[in-house]
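Spelled out from the first residue to the last, the chains are:
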Amino acid sequence: MANWVRISSRSIGNHIRKRMNQGFIGSAVDINKSSGSSSALHGGRTVCDRNRRYLNSLPWNRATLFWFQRFKSTVAEKQQDSFLSSDTDDDQLSLDFPGGKVSYTSDMNFISESSQTRVPCYRVLDDDGELIKDTDFQQVSKEAAVKMYSKMVNLQIMDTIFYEAQRQGRISFYLTSAGEEAINIASAAALTEQDIILPQYREPGVLLWRGFTLQEFADQCFGNKADYGKGRQMPIHYGSKKHNFFTISSPIATQLPQAAGIAYSLKMDNKKACVVSYIGDGGTSEGDFHAGLNFAAVMEAPVIFFCRNNGWAISTNVWEQFRSDGIVVKGRAYGIRSIRVDGNDALAVYTAVSAAREMAVNEQRPILIEALTYRVGHHSTSDDSTKYRQSDEIVYWKNARNPVNRFRNWVQSNGWWSDQQETQLRSSVRKQVIISLIGLDIHNLHFFSDT
Amino acid sequence: MLGIVRQKMLEQSLKKIRPAVAVLRSYSSAAKQMNVREALNSALNEEMSADSKVFLIGEEVGEYQGAYKITKGLLDKYGTERVLDTPITEAGFAGIAVGAAYYGLKPVVEFMTFNFSMQAIDHIINSAAKSNYMSAGQISVPIVFRGPNGAAAGVGAQHSQCYAAWYATCPGLKVLTPYNSEDARGLLKAAIRDPDPVVFLENELLYGESFPISNEVLDSSFCLPIGKAKIERKGKHVTIAAYSKMVGYSLKAAEILEKDGIDAEVINLRSIRPLDRSTINDSVRKTNRLVTVEEAFPQHGVGAEICACVVEESFAYLDAPVERIAGADVPMPYAANLERMAVPQVEDIVRAAKRACYRSVPNEAQHCWEGAASF
């Protein structure tokens, strides 16, 4: 039931109506609750609640009403009457279609495929770990910061040694999260134990944060009798019911619609928790990405979609993966609030995930976070990335843009960490990792002597 | 690679005298060795060179030289117009390829493993396989879907399933399962030249295996017929029908059986759809006993189909019940000891052949898959 636009003279009434309809459509509908057009708006189902909810989601709602009130007193009675009967005149400059009123234009303009500038990236610390002036961020206590940093080091060392273990033939397969330690730990730190995690495969740090021990990681990789999976799963396919961490599943992006479903069940149970699902830049090309985000938006499910845009999907770089401005711009296509953060900045990730969690749980809506980062390691032990990318690019990101060093600088500059603690931590973690692999503390082995 | 060198030498003359249909010749004793990877690579290369409509599409097929290096060197030779690296979306690129095939191109779609083809199976079945029939022959879909299929080593449940039986159910599809390098070359060429959709199921563990290969096979016009099985080893006491990696196991089992006085005939099925019913039945009518071997799950499998074919056509010739060897009826476990128990081993084939020959007590609990399922 489209009300066709009539070309009319530029009366004051028209001018007002035009202003009213450009962006203030919702309030016009609400005020004219009795009018027929509100039912057409929602395909015949006139639900005042639906209108109200739609209105509440518009940030300019109150301002609109105020504006309208102001105008009411100055608009001539004739125009006011004709405005209030919205059946015909109201729609002169807008079209009624399923999905809502939309204003029309006689200028044919294609929306550009990209905006002039890329969506900016939120960061709190600069490359050297110094706080950027006047920046907005969630303060972290000393204990929390030290814990975050220690876990980042844990992850780094576990990755290094387990990767070597695969090379030595001790385990059959491994995949590192090198370069993404801040994403792993800081995102986990911003959540609660009740939040449910659906990982892709480069997020063992989240499980590490929640208390999965190095021994449990090693057992899973070995597939030995202590493995909770009883040797059924390939290495790195961790899962833990008690830590609310869903087992890693090989097919890409299948976790996204599943996350929307789990979030919906949390919503039905009125739980004060959300789901966090991780995906890489490559995984966003899968059909399940579309299904997952679209459904989460429609169901108003409390799920955070965390995309680790590390630039590479095995050998496919992002230019060959998609032509949009990264992943963040896709959020709007689904009606999902989104943000782009510097994935190598632990504080920025922490702040963004905290805020996202607030919104997801309190407003029952999905959120999309795109964390820009770089995959320092190879895709997995079955890959040699020097075959398709420059070694100096890898070295640059490994050193100059290292997230662990960056966060360390900040923690140390607050007086919360020292070089001595650093050495102690690293050697103790190394020892624990090796014990988990071979069951022996090699540092305490006594070799033969002559006596 | 021998194939490419030879092809370059014969390129000029072959372009003029290439026969429309490849003629089967009996092969002289082989002098050269070629592994399955090289066989597939050379077949792709030759077909792409011969027909400019042939193109490759899949994840990592170009820059990375192929996830298993099957498409090595092809991007450099043919360029980005004919070797397409895709974003990660099996449903996406399978759909794109089917569309290209509708329009007349000849795509060769690579799935990193056929486990991931499940994300694209609607395109394979509903868009590719059924179109020719649904359009009363007006639409032809000359597409090939290829990639590793079945169990590899230590890759767990989501990377180890065999899809031969699934795809072979569907009319409109051809399903091929090469075993050695000769099969790989001949069947892939036949598949690419075929005007209908073909599912080409390779095996990751066979990629590196070398086989002796004759000059006829190296010829760029070499082609094997689709729907014909090959008798790899002639015998007279029991027929062992297998495909892909299990052909190798069956041949080893036949050597062991020979020492016990059992002369086994080993059939390399090569083609699961259409199944070479006549070769299987002729063999069973000769030996009167049949063992089918597959790595896949037992229920509704290729072995079940073969058994039904034989019962339908040669029931009176059977002197013993058909023995079916298949993988364990469980999702493939990862741990090496469990994985070994979940796939058929040579000893299982030997035992089944002996049971079929009434040389050992028939015992249900000895069946590979039933025993393994109890853990």
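- Looking up chain B in an unreviewed UniProt entry gives the name Pyruvate dehydrogenase E1 component subunit beta, with the organism given as Hibiscus syriacus.
- UniProt, in its Cofactor (unreviewed entry) section for chain B, records the words "thiamine diphosphate".

- Per an unreviewed UniProt entry, the recorded name for chain A is 3-methyl-2-oxobutanoate dehydrogenase (2-methylpropanoyl-transferring), and the organism is Hibiscus syriacus.
- Of chain A, the UniProt comment under Subunit (unreviewed entry) reads exactly: "Heterotetramer of alpha and beta chains."
- According to the UniProt record, the Catalytic activity (unreviewed entry) comment for chain A reads "N(6)-[(R)-lipoyl]-L-lysyl-[protein] + 3-methyl-2-oxobutanoate + H(+) = N(6)-[(R)-S(8)-2-methylpropanoyldihydrolipoyl]-L-lysyl-[protein] + CO2".

## Some details on the sheet that holds strand β8 (residues 337–342) of chain A
Residue and element names in this part refer to chain A.
Point 1. Taking strand neighbours across the sheet as the criterion, the five strands line up as β3-β4-β5-β9-β8 in an open arrangement whose pairing is parallel. Among the strands making up the open sheet, the edge pair consists of β3 (196–198) and β8. Sheet twist, expressed as the average angle between the axes of neighbouring strands with direction ignored, equals 20 degrees.
Point 2. Alignment of strand β4 (residues 275–280) against strand β5 (residues 303–309), held across six bridges, turns out to be parallel. Bridge assignment links Val276 to a residue of β5, and that residue is Ile304.
Point 3. Here helix α15 (residues 346–363) sits on the sheet and contacts β5, β8 and β9 (367–372); the angle it forms with β5, its principal contact strand, is near 155 degrees.

## Observations concerning helix α2 (residues 36–50) of chain B
Residue and element names in this part refer to chain B.
Point 1. The end-to-end C-alpha separation of α2 is 21 Å, in line with the 21 Å expected for 15 residues at 1.5 Å each.
Point 2. The buried fraction of α2 is high, at eleven of 15 residues.
Point 3. Those residues of α2 lying buried are Val36, Ala39, Leu40, Asn41, Ser42, Ala43, Leu44, Asn45, Glu46, Glu47 and Met48.
Point 4. Capping the start of α2, Asn35 holds a side-chain oxygen 3.2 Å from the backbone nitrogen of Arg37, two or three residues further along.

## Let's talk about the sheet that holds strand β10 (residues 238–242) of chain B
Residues and elements named next belong to chain B.
Point 1. Across the sheet, five strands lie side by side as β9-β11-β10-β13-β14; this open sheet has mixed pairing. Pairing within the sheet leaves two strands with one partner each, and these edge strands are β9 (230–233) and β14 (323–325). Recorded for the sheet is a direction-independent mean angle of 25 degrees between the axes of neighbouring strands.
Point 2. Note: β9 against strand β11 (residues 264–268), three bridges, orientation antiparallel. Looking at β11, one finds that Arg233 is bridged to Val266.
Point 3. Its contacts with the sheet place helix α10 (residues 245–259) against β9, β10, β11 and β13 (290–293), and it is angled at close to 170 degrees to β11.
Point 4. Relative to the sheet, helix α11 (residues 277–287) contacts β9, β10, β11 and β13, its axis offset from that of β11 by approximately 175 degrees.

## As for the pattern of salt bridges
Point 1. Per the counting criterion, the structure on display carries 43 salt bridges over all chains.
Point 2. Across the pair Glu46(B) and Arg185(B) runs a salt bridge, and its minimum N-O distance is 3.0 Å. Remark: Arg185(B) occurs in helix α8 (residues 181–193) and Glu46(B) occurs in helix α2; sequence separation between them is 139 residues.
Point 3. Look at Glu46(B) and you get buried, because its relative accessible area is 3%.
Point 4. Linking Arg146(B) and Glu202(B) is a salt bridge whose minimum nitrogen-to-oxygen distance equals 2.6 Å. One end of the pair, Arg146(B), is in strand β5 (residues 144–148); the other, Glu202(B), is in strand β7 (residues 198–202), with 56 residues separating them in the sequence. For the pair Arg146(B) and Glu202(B), a shared accessibility class is recorded, and that class is buried.
Point 5. Shared partners join several salt bridges into a network, and the residues in it are Arg123(A), Asp127(A), Asp342(A), Asp345(A), Arg401(A) and Arg406(A).

Conventions used here
Residues numbered from 1 in each chain as written. Chains lettered and ligands numbered in written order. Predicted model: local features only at pLDDT ≥ 70, side-chain atom pairs only at ≥ 80, totals over all residues. Heavy atoms only, no water. UniProt positions renumbered as here; feature names shortened; annotations may be inferred. Pairing = 2+ DSSP bridges. Helix = DSSP H or I, 4+ residues; strand = E, 2+ residues; numbered from the N terminus. Axes fitted to C-alpha atoms, helices over the stretch in contact; angles between N-to-C directions. Contact = heavy atoms within 4.5 Å. Expected span 1.5 Å × (residues − 1). Buried < 20%, exposed > 50% of the residue type's maximum accessible area, 1.4 Å probe, protein only. Polar contact = N/O pair within 3.5 Å; in protein donor to acceptor, adjacent residues only side chain to side chain. Salt bridge = Lys/Arg side-chain N within 4 Å of Asp/Glu carboxyl O.

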